[in-house]
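The lines below spell out each chain.
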Amino acid sequence: MIEFVDGNRITLLKSGVEYFPALAAEFDAARHEIHLEAYIFEADATGRSIAAALGRAARRGVAVNVMVDGFGSRDLDPALVREMRVAGVRVLVYRRNISPWTLRRTRLRRLHRKVALVDARAAFVGGINVVDDVDAPGGALPRFDYAVRIEGPLLAKIYPVVKQLWSRVSAVQLRARWAERRHLVPAADSRGGQRAAFLIRDNIGHRRDIEQAYLAAIGEARSEIIIANAYFFPGRSFRRALMAAAARGVRVTLLLQGKAEYVLQHYASRALYGPFLDAGIEIHEYYRTYLHAKVAVIDCCWTTVGSSNIDPFSLLLAREANVVIEDEAFAAELRKSLVAAIADGATQIRRESWKDQPWMTRTFTWGCYGVVRFVTGVFALGRADEFT
């Protein structure tokens, strides 16, 4: 059950161009406490800039807590970690020592969410990692991604989730002194007119919250569904829901990666295009830069922004965080941004041309699909029939 909260002010941030200055400004304004969770934290110009803001806050007495994923941030320069710790920043690594050769399911239980919390009065949730946000070294265009800045009563839902994970990981890593007993009281007063919910995915009590929110909204859609997702390999229920929506006259549009970051996943996803195109679903591949977004707009006012892809990794294994917003103005703003991206940076996949692909391309695509299905079956945690 999604628990919506009224009275929020939620600001859409487009790519790192808008996100990182806003994040650093909040860190510089912090007075009591900062929490930052990131899948990837790089020691590049962006990472060093954010680390410097965190260090400045720690030096003036702010309790600064940073948690990075042990796999996503495995290349984080130890020297930068030392610099932050010398400044007073407390850095935890989530699940550091996992062998790349093991087939244990726990290997892929990663901290994939991107959340920042400042003084229990402002939060950031989205899909943007702490990394230079350009498509290639020397590139000029930022990755296509989103985050939101949140003020208002929704902070009361976000704050305990972040604090709880920090306390648990601190205890497991024998850093009990870092598991603070002090708790701030999130601001409960109304800051705006937006209705929103904070959703997480974990491996205990919230295994399917984000997925179920998508399915419920898709099932109720009456006019339009636009989904922009970096890694799109949905299970059978999700695929059926989209095709059922198209069958009842809903315009369903998928904005997916055109520039592949991970070839295997990219081509495995493309194996699903045929049934979608046959069902009347529009597919657009974004080529202008790397698409890293995980957002959706459904009808006039349902939107979600967050870290969760629509693939087995996000929906079955990783810790994720999304915000669902029911607000017409916010939906219009996000929709406008997505429509502009489709018009200016994407190529539509046509049903006729898709069926005329060379046999070598088809063979490679289905080979990738077979590999991903096999791996998913190994790690599917009781839901193999859904994702294979």
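Our structure is the block above this text.
As a starting point, this report considers the structure included with it.

## Concerning the overall build of the protein chain
Assigned secondary structure in the protein chain consists of 13 helices and 15 strands. A compact globule built from 388 residues should have a C-alpha radius of gyration of about 21 Å, and the protein chain, at 21 Å, falls within 12% of that. Oriented by its inertia axes, the alpha-carbon framework of the protein chain measures out at about 65 × 50 × 45 Å. Among the 388 residues that make up the protein chain, the fraction classed as buried is 58%. Taking all contacts inside the protein chain whose residues are at least 6 apart in sequence as the whole, residues at least 24 apart take part in 81%. Charge separation in the protein chain, taken as the distance between the mean sites of 54 positive and 42 negative side-chain charges, equals 6 Å.

## Quick word on the packing of helix α2 (residues 45-59) against helix α3 (residues 78-87)
Packing of α2 against α3 brings their axes to within 8 Å, and their N-to-C directions diverge by 20°. The orientation of α2 relative to α3 falls into the category roughly parallel. Like other packed secondary-structure pairs, α2 and α3 cross with a definite hand, here right-handed. Listed contacts from α3 to Gly47, Arg48, Ala51, Leu54, Gly55, Ala58 and Arg59 of α2 are Leu80, Glu83, Met84 and Ala87. Residues of the contact of α2 with α3, tallied by class, amount to 6 nonpolar, 2 polar and 3 charged.

Rules behind the numbers
- Residues numbered from 1 in each chain as written.
- Predicted model: local features only at pLDDT ≥ 70, side-chain atom pairs only at ≥ 80, totals over all residues.
- Heavy atoms only, no water.
- Helix = DSSP H or I, 4+ residues; strand = E, 2+ residues; numbered from the N terminus.
- Rg over C-alpha atoms; globule rule 2.2 N^0.38 Å.
- Buried < 20%, exposed > 50% of the residue type's maximum accessible area, 1.4 Å probe, protein only.
- Contact = heavy atoms within 4.5 Å.
- Lys, Arg positive; Asp, Glu negative; His and termini not counted.
- Charge placed at Lys NZ, Arg CZ, Asp CG, Glu CD.
- Axes fitted to C-alpha atoms, helices over the stretch in contact; angles between N-to-C directions.
- Parallel < 35°, antiparallel > 145°, perpendicular 65-115°, else oblique.
- Left-handed = near helix turned anticlockwise from the far one by under 90°.
- Nonpolar A, V, L, I, M, F, W, Y, C, P; charged D, E, K, R; others polar.

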